[in-house]
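This is what each chain is made of:
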Amino acid sequence: MAETEQQSGSTSEDEATEVTFMVPKKEISMVPDMGKWKRSQAYADYMGFILTLNEGVKGSKLTCQYKVSETVEKLLDLLGTLDRWINETPPVDQPSRFGNKAYRSWYVKLDQEAEALVSTVIPADKCAAAPEIAVYLKESVGNPTRIDYGTGHEAAFAAFLCCLCKVGALRVDDQLAIVFKVFNRYLSLMRKLQKTYRMEPAGSQGVWGLDDFQFLPFIWGSSQFVDHPTLEPRHFIDERVVNEHHQDYMFLECIKFINEMKTGPFAEHSNQLWNISAVPSWSKVNQGLIRMYKAEPGATISRLAFLSPFSWPHTGFRAESCTRPRKRRIHCFLSE
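Residues numbered from 1 in each chain as written. Predicted model: local features only at pLDDT ≥ 70, side-chain atom pairs only at ≥ 80, totals over all residues. Heavy atoms only, no water.

S.K.: Looking at this model, I keep getting lost on helix α13 (residues 282-295). Mind explaining?
M.R.: The periodicity of an α-helix, 3.6 residues per turn, causes residues three or four positions apart to be oriented the same way. Along its 14 residues, α13 runs 20 Å from first to last C-alpha, staying within 8% of the 20 Å computed at 1.5 Å per residue. Check the buried side of α13 and you find it contacts α2 (41-56), α6 (151-166), α8 (216-224), α10 (250-261) and α12 (271-276). (Helix = DSSP H or I, 4+ residues; strand = E, 2+ residues; numbered from the N terminus. Expected span 1.5 Å × (residues − 1). Contact = heavy atoms within 4.5 Å.)

In structure tokens:
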């Protein structure tokens, strides 16, 4: 997303409102390009968004009270439409156990309707952004060629939400709803896709990775637990605790899904998570997961660099403050 002829150093909203939109394209072709990506405004914007939400959900339960705006309701309707298409596109009989080809038929529907779906969510005066934002939505559900899904696709959905903030569709008081309503509904949809079409993990590191499919819910989920009076990291490997509290905590919902999908000792099939259970506090878990997220470009955020910088101007946004969030500045990304 590119700004058009603005004066250097301008911070005025009036001077930063005229932008042009472009369909995202691949930006990383070689390893050295990763440095360019990590120095880009796009990287700062994306990580600022992730960390702003991380701060916003700290100490809150999924079941707490929060505002649900009209835009959030529209996003839930959008995800509901994708869910309905799964029901309308059952798996086909095939020799291969994994990667059911019916997924490609499901994806074709999304590919054809993505721009129209996005147009129902964004402000009318930002309709020109629909083709660009729609690419992030399509990238967020897996790869139709390989029929796989992983943390890069998850990152694309976070970028999709980030773009909705930048065009003013989502605002500061939507923070909890973005994570607890929209992103949690997205996770439910992805789990249904994975189970229905037996999708392969994309770029999985096996037992050495945090999880085959997700990363962000572990970051935000660990933030929910910060300063919890009774539940400590060692408790999430206790199946009784998971079953009792998973509806309140995103982290435990992820553990529950892993327990349903994998067999054998937890320490063997999810070794990284098992190691995390030995960390003494949730704040340290949260900080460590953020460092891990930044340090694993192949499996997480570098996939965004295959798209566009999405560096539109945005009123009141300060990337440098978002990359190191402070309580007084957790609203630095979202619109007032």
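S.K.: Explain the pattern of salt bridges to me, please; I cannot follow it from the model alone.
M.R.: Pairs can form between side chains of opposite charge once their charged atoms are near each other. Counted according to the given criterion, the structure contains 16 salt bridges. Arginine 185 is paired through a salt bridge with aspartate 83; the nearest N and O atoms lie 3.0 Å apart. Separated by 102 residues along the polypeptide, arginine 185 in helix α7 (residues 175-197) and aspartate 83 in helix α3 (residues 70-88) bring together distant segments of the chain. The partner of lysine 138 in a salt bridge is aspartate 111, and the shortest N-O contact between them spans 3.1 Å. Note that lysine 138 is positioned in helix α5 (residues 130-139) and aspartate 111 in helix α4 (residues 102-119), a separation of 27 residues in sequence. Taken together, the salt bridges that share partners define one network made up of Asp83, Arg185 and Lys192. (Salt bridge = Lys/Arg side-chain N within 4 Å of Asp/Glu carboxyl O.)

S.K.: Can you help me understand the layout of surface pockets in this one?
M.R.: The rolling of a water-molecule-sized probe over the atoms marks out the regions of remaining empty space. Space inside the second largest pocket adds up to approximately 310 Å³. If you trace the second largest pocket, you find 15 residues lining it, with Met199, Asp212, Phe213, Met261 and Lys262 closest to the centre. For the lining of the second largest pocket, the elements supplying multiple residues, two or more each, are α7, β4 (200-201) and α10. Here the lining of the second largest pocket gets 3 residues from one element, more than from any other, and that element is α10. Taken together, the residues that form the lining of the second largest pocket break down as 7 nonpolar, 1 polar and 7 charged. (1 Å grid on protein atoms, 1.4 Å probe; cavity = no way out; pocket = protein on both sides within 12 Å on 5 of 7 lines; lining within 4 Å. Points joined across faces, edges and corners; volume = space filled by probe spheres on them. Nonpolar A, V, L, I, M, F, W, Y, C, P; charged D, E, K, R; others polar.)

S.K.: Mind showing me how you'd approach the confidence of the model for the protein chain here?
M.R.: It should be kept in mind that the predicted coordinates are not to be read in detail where pLDDT is low. The predicted model of the protein chain has a mean per-residue pLDDT of 83, with 79% of residues at 70 or higher. Ignoring residues within four places in sequence, the model shows residues 1-17, a span with pLDDT below 50, making 27 contacts including any to other chains. Predicted confidence is poor over residues 305-309, with pLDDT under 50, and the contacts of this stretch with residues over four places away or in other chains come to 24 contacts. (pLDDT = per-residue confidence, 0-100.)

S.K.: Would you mind going over α2 with me for this structure?
M.R.: With 16 residues, α2 extends 22 Å from end C-alpha to end C-alpha; this agrees with the ideal 22 Å at 1.5 Å per step. The buried fraction of α2 is high, at 14 of 16 residues. (Buried < 20%, exposed > 50% of the residue type's maximum accessible area, 1.4 Å probe, protein only.)

S.K.: So what exactly am I meant to see when it comes to the packing of aromatic side chains here?
M.R.: The full count for this structure, using the stated rule, is 17 aromatic pairs. Ring centres 5.7 Å apart and planes at 25° place the aromatic pair tyrosine 103 and tryptophan 106 in the stacked group. Linking tyrosine 103 with tryptophan 106, this pair stays in helix α4, spanning 3 residues, or about one helical turn. Residue tyrosine 103 shares its accessibility class with tryptophan 106, and that shared class is buried. Residues phenylalanine 157 and phenylalanine 183 carry aromatic rings whose centres are separated by 6.2 Å and whose planes lie at 45° to one another, so their mutual orientation is tilted. One end of the pair, phenylalanine 157, is in helix α6; the other, phenylalanine 183, is in helix α7, with 26 residues separating them in the sequence. Note on phenylalanine 157: relative accessible area 1%, which makes it buried. The exposure class of phenylalanine 183 is buried, given its relative accessible area of 0%. Taken together, Phe218, Phe225, Phe236, Tyr249, Phe251 and Trp282 form an aromatic cluster joined through their ring pairs. Arginine 191 extends its terminal NZ or CZ atom over the ring of phenylalanine 257, reaching a point 5.3 Å from the ring centre. (Phe/Tyr/Trp six-rings, centres within 6.5 Å; stacked < 30°, edge-to-face > 60°. Lys NZ or Arg CZ within 6 Å of the ring centre and 35° of its normal.)

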